[in-house]
Amino acid sequence: MALTSDPPAAPLTKEPAAPATDLVVVPVRHPWRWVAVAATAVLLVQFAHGLVTNPGWEWDVFAAFFTTETVLKAVWVTLQLTFHGTALGFAIGIVVAFMRLSASPFLRSVAFGYIWAFRSIPLIVQLLFWFNLAYLYKELSVGIPFGPSFFSFDTMGLVGEMSAAVLGLALHQAAYAAEIVRGGVLAVDEGQLEAAASLGIPKLRQVRRIVLPQAMRSILPNAANEVISLFKGTSIVSVMAIGELFYQVQVVYGRNGRVVPLLMVATAWYILLTTALSVVQHYVERHYAKGSTR
């Protein structure tokens, strides 16, 4: 019986690879983006050209009044109102914020009522109310509640124009500051407080060393916006005839009739000081962002 075998398999040969084709990467075209850039650039150039060539701006009058003693004093009054209103407002706001976070229903209700009232009443109404406080209360006394008083103050002499302005701005600012601080505290993980409590860290130290440093990352941007808004909002105290920046500018252009250049004086000072506040905000935020990934 003859044995047959399959023919030997042909050796495998590697076929030559096909020549690679060069791929050309074409960037995405954005024709409308360039149209928008060109149109915006043209508008900016036209606006700058108008600022330089339009005689109505009266830049010589602007330069003459920008650093006068009257304007500089008004700028200082504006800065004082902003500083005192911010410091006192955020001090009260922190207390009100922790009252809202309290376990006591009474404290929470009082804090909520304060925030509701001062956010509902327009600032100008609050300022006029404090300015006319002597109409309601001739004097304020300190003593036993519903009992004899130890000493008293004359309201007319105690609450003057500047005091009424600072008080009104601070109490109004405190209502917004309380919500900003409360939101920042709530942003801190509650587990960290539980861990701190388990280690026996006192409550006040938990707030000071654990909660607030982390909450500041959420508080600072909104707080800076409120400070800048308060700085510009000090112009509303002009209804009380306080010589802040906007009121003083009004007085000057009421005498010489140069409305536009004097308004530009106030605008330039507001821009410069707001820019300075923004720079301070940047460095404070960077300080509290240590250890953050962003």
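Since the model is a prediction, treat every value here as computed from it, not as a measurement.

Let's talk about a nonpolar patch on the surface
Together, I121, I124, V125, L128 and V239 line one region of the surface with nonpolar side chains, adding up to about 350 Å² of accessible area. For I124, the position within the fold is in helix α5 (residues 123–131).

Some thoughts on the layout of surface pockets
One water molecule sets the probe size; rolling that probe over the atoms shows where empty space is left. In this model, the largest pocket occupies a volume close to 570 Å³. In this structure, the largest pocket is lined by 22 residues; those nearest its centre are T86, F90, L220, A223 and V227. Residue assignment for the lining of the largest pocket shows that the elements contributing at least two residues are α3 (69–100), α10 (203–233) and α12 (259–288). If one sorts the elements of the lining of the largest pocket by residue count, α10 sits on top with 10 residues. Here the residues of the lining of the largest pocket are counted per class, giving 19 nonpolar, 3 polar and no charged.

Comments concerning the packing of aromatic side chains
In this structure the tally under the stated criterion is 7 aromatic pairs. Ring geometry for F66 against W269: centres 4.8 Å apart, planes inclined by 10°, an arrangement best described as stacked. Of the two residues, F66 is situated in helix α2 (residues 59–66) and W269 in helix α12; the sequence distance between them amounts to 203 residues. The same class applies to F66 as to W269, namely buried. Ring centres of F231 and Y270 lie 5.5 Å apart, and the angle between their planes is 75°; this geometry places the pair in the edge-to-face category. Placement of the pair is F231 in helix α10 and Y270 in helix α12, with a sequence separation of 39 residues. The same class applies to F231 and to Y270, which are both buried. Grouping aromatic residues by their ring pairs yields a cluster made of W57, W59, F62, F66 and W269.

Quick look at α5
Among the residues of α5, L123, Q126, L127 and W130 are the ones counted as buried. For α5, the buried positions fall inside an angular range of 100° around the axis, keeping them on one side.

Notes on the UniProt feature "transmembrane region" (unreviewed entry) in the protein chain
UniProt marks residues 34–54, 74–99, 111–131, 227–247 and 259–284 with the feature "transmembrane region" (unreviewed entry), using the numbering shown here. In this annotation, residues 74–99 is assigned 100% helix and 0% strand; the end-to-end C-alpha distance for the span is 37 Å. Within the segment residues 227–247, helix and strand shares are 48% and 0% respectively, and the terminal C-alpha atoms sit 20 Å apart.

Examining the nonpolar core
Core analysis: the biggest nonpolar cluster contains 38 residues, and L81, Y114, L169, I219 and V237 have the highest contact counts within it. Among the elements of the structure, α3, α4 (105–120), α5, α8 (161–186) and α10 are those that each provide at least two residues to this core. The element best represented in this core is α8, accounting for 12 residues. In contact with I219, other than residues within four places in its own chain, are I180, V181 and G184. Within the second largest apolar cluster, 18 residues are counted, among which are V61, A74, F231 and W269.

A word on the packing of α4 against α8
Where α4 meets α8, the closest approach of the two axes is 9 Å, and the angle between their N-to-C directions is 125°. Here α8 runs oblique to α4, going by the angle between their axes. Handedness of the crossing formed by α4 with α8: left-handed. For the pair formed by α4 and α8, the contact residues are Y114, I115, F118 and R119 on the first element and L171, H172, A174, A175, Y176, A178 and E179 on the second. Across the contact of α4 with α8, the residue classes tally to 8 nonpolar, 1 polar and 2 charged.

Remarks on the environment of S163
Inspection of the secondary structure puts S163 in helix α8. Put simply, S163 and H84 are 79 residues apart on the chain and 10.0 Å apart in space, counted from C-alpha to C-alpha.

Brief notes about unusual backbone geometry
Phi at E58 takes a positive value of approximately 50°, unusual for a residue other than glycine. Within the secondary structure, E58 is located in the loop between α1 (31–53) and α2. Accessibility expressed as a relative area gives 23% for E58, which makes it partly exposed.

About the thresholds
- Residues numbered from 1 in each chain as written.
- Predicted model: local features only at pLDDT ≥ 70, side-chain atom pairs only at ≥ 80, totals over all residues.
- Heavy atoms only, no water.
- Patch = residues over 30% accessible without salt bridge, like charges linked within 9 Å, V, L, I, M, F, W, Y side chains within 5 Å.
- Areas by Shrake-Rupley, 256 points an atom, 1.4 Å probe, with all protein chains shown as cover.
- Salt bridge = Lys/Arg side-chain N within 4 Å of Asp/Glu carboxyl O.
- Helix = DSSP H or I, 4+ residues; strand = E, 2+ residues; numbered from the N terminus.
- 1 Å grid on protein atoms, 1.4 Å probe; cavity = no way out; pocket = protein on both sides within 12 Å on 5 of 7 lines; lining within 4 Å.
- Points joined across faces, edges and corners; volume = space filled by probe spheres on them.
- Nonpolar A, V, L, I, M, F, W, Y, C, P; charged D, E, K, R; others polar.
- Phe/Tyr/Trp six-rings, centres within 6.5 Å; stacked < 30°, edge-to-face > 60°.
- Buried < 20%, exposed > 50% of the residue type's maximum accessible area, 1.4 Å probe, protein only.
- Arc of directions from axis to C-beta.
- UniProt positions renumbered as here; feature names shortened; annotations may be inferred.
- Core = buried A, V, L, I, M, F, W, Y, C linked by side-chain atoms within 4.5 Å.
- Contact = heavy atoms within 4.5 Å.
- Axes fitted to C-alpha atoms, helices over the stretch in contact; angles between N-to-C directions.
- Parallel < 35°, antiparallel > 145°, perpendicular 65-115°, else oblique.
- Left-handed = near helix turned anticlockwise from the far one by under 90°.

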